[in-house]
Amino acid sequence: MSLRGLRAAMAVAEHRSTGAAARELHASQPATARAVAQLEQALGIRLFERSHRGMTLTLAGESLLKRGRATLAHLSYADAGPYHVPLRGGRLATQATTRQLEVVVHLAKAGSQRRVATQLGVSQASVQQVLAQVEHLAGGPLFDRLASGLRPTSRGDWVAHQAGLALAEMRAMAEDAAVLLGSIRGRLAIGTLPYSAGAIVSTAIQSVTSRWAGLHVSVVDGTYETLIAKLRRAEIDIVVGALRPEVSRDLRQVILFHDLRSIVVRAGHPLLSRRRLQLSLLSKAQWVLPMPGSPGAEVLEQTFAAQGLPMPEGVCINSPTLISAMVRQSDRLALMPPSQWQSELETGSLVALKIPVRHVPVAIGFTVRAGFAPTPVLTLFQEALQAAVR
């Protein structure tokens, strides 16, 4: 999809005429009309009704061009900079191409022109040329040239961030258009936090993909900080797992359920033969610990601190698969939500100790970007998560 066509369509929507739109865009009338027609062809949707009185948006056009406004708004933010200071007339918003945005986003992640050239299937000289063009539009360098590669400047990091969000809006427009044509296609990138998602993510994915086989779904595990950073850059669409008490205004949290934690050991663990278990005994054992700063770590700290006991020692692991393996292969203890390990607890390979863990239930849910109108695919997945919980 072309940014040129998007700008032309936005101008035509405002002026209801390709002639007036062309004057605003400093382009010819035939070129403006052709750009709009190419955008309609790319989307497979007629955006305008044409008549002797001019051009008016169709209902589909009104819906889709909301994404267009959001796209150009992100490029205006890129021009303004993180402190909203206008720079040289807003040339990114008015002149940048889709390829230029893609190059900046890829370079910010890869830090290498050669690597980006391989990723985009173009020559390294082409990447270098595009970078020079976009830096000219931005009014200054976006990357420091180092012996080890390219490193974004603070301005470059901001432009790459806004460029990524603009590209996400353009992808979403294509997905919205597909729905209007009676099909759902596109991508869904899901971030999952350890300890907390349980079977609901797999159930929701199965529900969505069984209805719409054309979807490309990817799942990324990680820490909260890593996944939220990816969410903010539109590299993933949603993060599922333990929620935080508060988030910044650019994020929105939705609670799915509240979860309680249990202390879990392997089948045949020596502690299972004891008639009475006390927390003081458990504090001396070796553990598989939650990552510092996570809700699980806070629960464990509160549990032991309530009885004046120090935190137990152990290894901090973020991977649920590795946690399960270490608990089953050793005498280590772990604090786990039963919902995460339901099948292991039912088969008896893991056993919850009969000792209460007194804590405020942990809110489990999903986090999305507050300023992004969800695509039909993302909406379906959110509904499937809620259905999986019910």
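In what follows, the structure referred to is the one given above.
Residues numbered from 1 in each chain as written. Predicted model: local features only at pLDDT ≥ 70, side-chain atom pairs only at ≥ 80, totals over all residues. Heavy atoms only, no water.

Q: Summarise the packing of helix α2 (residues 18-25) against helix α3 (residues 29-43); cite the residues concerned and give the values.
A: For the pair α2 and α3, the least separation of the axes is 8 Å and the interaxial angle reads 105°. With respect to each other, α2 and α3 are oriented roughly perpendicular. Residues T18, G19, A21, A22 and L25 of α2 lie in contact with α3, whose contacting residues are Q29, T32 and A33. (Axes fitted to C-alpha atoms, helices over the stretch in contact; angles between N-to-C directions. Helix = DSSP H or I, 4+ residues; strand = E, 2+ residues; numbered from the N terminus. Parallel < 35°, antiparallel > 145°, perpendicular 65-115°, else oblique. Contact = heavy atoms within 4.5 Å.)

Q: Describe the packing of helix α6 (residues 98-110) against helix α9 (residues 154-180), and please don't skip the residues or the numbers.
A: The geometry of a pair of packed helices is captured by two quantities: the angle between their axes and the separation between those axes. Taken N-terminus to C-terminus, the directions of α6 and α9 make an angle of 125°; their axes are 9 Å apart at the nearest point. Put simply, α6 runs oblique to α9. For the crossing formed where α6 meets α9, the hand is left-handed. For the pair α6 and α9, the contacting residues are T98, L101, E102, V104, V105 and A108 in the first and V159, A160, A163, G164, A166, L167 and M170 in the second. (Left-handed = near helix turned anticlockwise from the far one by under 90°.)

Q: Please provide a residue-by-residue account of the sheet that holds strand β7 (residues 238-242), values included.
A: Overall, mixed pairing links the five strands, which are arranged β6-β5-β7-β14-β8 in an open sheet. A strand with exactly one partner marks an edge of an open sheet, and here the two such strands are β6 (215-221) and β8 (251-259). Sheet twist, expressed as the average angle between the axes of neighbouring strands with direction ignored, equals 20°. The pairing of β7 with strand β14 (residues 362-369) spans four bridges and is classified as antiparallel. Each bridged residue has a counterpart across the sheet, and for V239 the counterpart in β14 is T367. (Pairing = 2+ DSSP bridges.)

Q: Account for unusual backbone geometry, naming residues and giving values.
A: One non-glycine residue, R16, lies in positive phi territory at about 60°. Secondary-structure assignment places R16 in the loop between α1 (3-15) and α2.

Q: I'd like a description of α1, backed by residues and values.
A: Given a rise of 1.5 Å per residue, 13 residues ought to cover 18 Å, and the 18 Å separating the end C-alpha atoms of α1 matches this to within 8%. Taken residue by residue, α1 has L3, G5, L6, R7, A8, A9, M10, A11 and V12 as its buried positions. Its side-chain oxygen 3.0 Å from the backbone nitrogen of R4, S2 forms the N-cap of α1. R16, located one to two residues past α1, shows a positive phi value of around 60°. (Expected span 1.5 Å × (residues − 1). Buried < 20%, exposed > 50% of the residue type's maximum accessible area, 1.4 Å probe, protein only. Polar contact = N/O pair within 3.5 Å; in protein donor to acceptor, adjacent residues only side chain to side chain.)

Q: So what about the nonpolar core? Which residues, and what values?
A: If you look at the biggest cluster of nonpolar residues, it comprises 51 residues, and the most contacted ones within it are L43, L47, F48, L92, L101 and L107. Mapped onto this core, the elements with two or more residues apiece are α1, α3, α4 (59-80), α5 (91-95), α6, α7 (113-120), α8 (124-138) and α9. When residues of this core are assigned to their parent elements, the largest contribution, eight residues, is made by α9. In contact with F48, other than residues within four places in its own chain, are A9, V12, A13, V36, E40, M55, T56, L57, T58 and L65. (Core = buried A, V, L, I, M, F, W, Y, C linked by side-chain atoms within 4.5 Å.)

Q: With reference to specific residues and values, describe the sheet that holds strand β13 (residues 350-352).
A: Strand order across the open sheet formed by five strands is β11-β10-β12-β9-β13, with mixed pairing between neighbours. The sheet is open, and its two borders are formed by β11 (313-316) and β13, each paired with just one other strand. For this sheet, the mean inter-axis angle between neighbouring strands, taken without regard to orientation, is 35°. Here four bridges tie strand β10 (residues 286-289) to β11, and the two strands are oriented parallel to one another. Bridge pairing links V288 to V315 in β11.

Q: If you had to explain the pattern of salt bridges to someone new, which residues and values would you point to?
A: In total, this model carries 13 salt bridges according to the counting rule given. Among the ionic pairs, E344 bridges to R328, the shortest N-O distance being 4.0 Å. One end of the pair, E344, is in helix α15 (residues 342-347); the other, R328, is in helix α14 (residues 320-328), with 16 residues separating them in the sequence. Its relative accessible area of 15% is what places E344 among the buried residues. Shared partners join several salt bridges into a network, and the residues in it are R67, E169 and D176. (Salt bridge = Lys/Arg side-chain N within 4 Å of Asp/Glu carboxyl O.)

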